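# Analysis of the macromolecular model
Residues per chain are reported as follows:
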There are 2 protein chains.
Amino acid sequence: MSTQRGRPKKYDPQTALQAAGGVFWAQGFSGTSLDDLSAAMGMNRPSIYRAFGDKEAVYRLALAQFTRQMEEGFNHTVLQETDFREGLRRFYRAALEVYSSGEAALGCMVMCTAPAASITHLDVQSDLLEVIEQLDRRILKRVELAVDQGQLSAIVDAKSLSKLIQAVLHSLAIRARAGESKTSLRRFADAAILTILGKT
Amino acid sequence: MSTQRGRPKKYDPQTALQAAGGVFWAQGFSGTSLDDLSAAMGMNRPSIYRAFGDKEAVYRLALAQFTRQMEEGFNHTVLQETDFREGLRRFYRAALEVYSSGEAALGCMVMCTAPAASITHLDVQSDLLEVIEQLDRRILKRVELAVDQGQLSAIVDAKSLSKLIQAVLHSLAIRARAGESKTSLRRFADAAILTILGKT
DNA sequence: ATGTATATATACCATTTCGCATATTATTTG
DNA sequence: CAAATAATATGCGAAATGGTATATATACAT
């Protein structure tokens, strides 16, 4: 409750993390130096250390922030739309806007940078797995609802179907980062929905 | 034609590259130092430089070698099997053996390490895109053959279907690296084929 | 054997990198 | 106003990094 003591922070934690995330997103974990972070965050190294911990801690916090934003996108599309197909279509579109925005298309921060670091930094691997499984669970829930509502017919296996839906996202992420055009990716996403969920 | 002059190489280029690839595969491009390479390849840095060029050149050569091996796997499964579904199933299995072999599952060297480096090293981005598009083309060819032979019915769009087939591979690669079990991934792969290509 | 070609081995260099120890500044509390 | 608190700023230092210059070793050709 006490009003803040001592010298006031010059930075906003959220914005600083966002800036750090931007660098990590483009350069990956080990491709990014503390100096890079310092410049982007507008904080000098000791301040970063005090505020967030070491390089790996900053990276993981930035990952979490990115994930949170993507989850919001999921809520605003898949979960809000009554028709599952249409909600999914909007979700893929929204993801593509993130993946292919700005100058260079960076793809998904998690899928395109975390795997490279995940073998030598096991905490990052845990984060990566958790993100994937969490999304599996959330998609599955919505798939099961769609089945109950008769929106999906004759499903092989709801769990595998959910993973397949996420697989498209993985591919969009990588392909965006590889340089495929947004229009090409949109076409792919739309067609994938048709093939996966049937044409009805 | 002349027999080799000068001091003979102590290393075999193929094996040396394979060793380099192993390190890059686990640690990624920027996570790997020249000293790491030197130790793994059994060559000191100047020799590496003379033989293959700088760090990026070594990485790209290792990528190419890895890609070649995966392409052979594709030939021995998808292309050799008369039934497309069965060939695809065998291909996914073979890929999983690569992705999840050894102590730690490393996933696909291309999909799990190249994206991280692709923004700052544009040649790597080109390699990545080329690998993806090349596989798209090869799958597409086989899909079209299957359609001609009546093995596939009522396809939305052969190109998108091919991309979807590769999407499953991308996801397997990432999920393996994230730590998902081989059996879980096998189950997913099998179910994905059913969903994508129909149950007939 | 001698010179030429090719490879390896040693040592070095400039820079970067991470992390921290030590000031210094700003704000609140007593 | 002084003490306490909490942040920023400066600068140091050991190690790692990418790359190269120089020296040495090993083979073939004549």
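Residues numbered from 1 in each chain as written. Chains lettered and ligands numbered in written order. Predicted model: local features only at pLDDT ≥ 70, side-chain atom pairs only at ≥ 80, totals over all residues. Heavy atoms only, no water.

## A few points about the interface of chain B and chain A
- Each side of the interface is counted separately: chain B has 46 residues, and chain A has 46 residues.
- Buried area between chain B and chain A, summed over both chains or domains, comes out near 3,900 Å², and the portion from carbon and sulfur atoms is 65%.
- Viewed at the interface, chain A and chain B are joined by four salt bridges.
- Across the salt bridge formed by E180 of chain B and K163 of chain A, the nearest N and O atoms sit 3.4 Å from each other.
- Taken together, the connections running from chain B to chain A amount to 21 residue pairs in polar contact (both at pLDDT 80 or more).
- Residue assignment for the side of chain B that touches chain A shows that the elements contributing at least two residues are α1 (13-27), α6 (109-117), α7 (122-148), α8 (158-178) and α9 (182-197) of chain B.
- Here the side of chain B that touches chain A takes 13 residues from α8 of chain B, the largest share from any one element.
- Of the residues contributing to the side of chain B that touches chain A, the split by class is 24 nonpolar, 15 polar and seven charged. (Contact = heavy atoms within 4.5 Å. Buried area = accessible area lost by both parts, 1.4 Å probe. Salt bridge = Lys/Arg side-chain N within 4 Å of Asp/Glu carboxyl O. Polar contact = N/O pair within 3.5 Å; in protein donor to acceptor, adjacent residues only side chain to side chain. Helix = DSSP H or I, 4+ residues; strand = E, 2+ residues; numbered from the N terminus. Nonpolar A, V, L, I, M, F, W, Y, C, P; charged D, E, K, R; others polar.)

## Here we look at the nonpolar core
- In terms of nonpolar packing, the biggest core is built from 129 residues, with Y92, Y99 and I165 of chain A together with Y92, Y99 and I165 of chain B touching the most fellow members.
- If we skip the residues at most four places from it in the chain, I165 of chain B touches F84, L88, Y92, I139, V143, I196 and L197 of chain B. (Core = buried A, V, L, I, M, F, W, Y, C linked by side-chain atoms within 4.5 Å. Buried < 20%, exposed > 50% of the residue type's maximum accessible area, 1.4 Å probe, protein only.)

## Some remarks on empty space enclosed by the protein
All names here are of chain B.
- The final tally for this structure, using the stated rule, is two cavities of 30 Å³ or more.
- Computed from the structure, the largest cavity encloses a volume of approximately 190 Å³.
- Around the largest cavity, the lining is made up of 17 residues, and of these T67, M70, V131, L135 and L169 lie nearest the centre.
- Those elements giving two or more residues to the lining of the largest cavity turn out to be α4 (55-79), α5 (84-99), α6, α7 and α8. (1 Å grid on protein atoms, 1.4 Å probe; cavity = no way out; pocket = protein on both sides within 12 Å on 5 of 7 lines; lining within 4 Å. Points joined across faces, edges and corners; volume = space filled by probe spheres on them.)

## Re the protein's contact with DNA strand C
- Lining the immediate environment of DNA strand C, one finds 25 residues, of which T3, L34 and R45 of chain A together with K9 and Y11 of chain B sit closest.
- Counting only atoms of DNA strand C within 4 Å of the protein, the fraction found in sugar and phosphate groups is 68%.
- Within the side chain of R45 of chain A, one N or O atom sits 2.7 Å away from a base oxygen of DNA strand C.
- Within the side chain of S47 of chain B, a nitrogen or oxygen atom sits 3.0 Å from a phosphate oxygen of DNA strand C.
- Counting residues per element, the ones that place at least two in the surface near DNA strand C are α3 (45-52) of chain A together with α3 (45-52) of chain B.
- Of the residues forming the surface near DNA strand C, the biggest block, four residues, is contributed by α3 of chain B.
- When grouped by side-chain class, the residues that make up the surface near DNA strand C number seven nonpolar, eight polar and 10 charged. (Near = heavy atom within 4 Å.)

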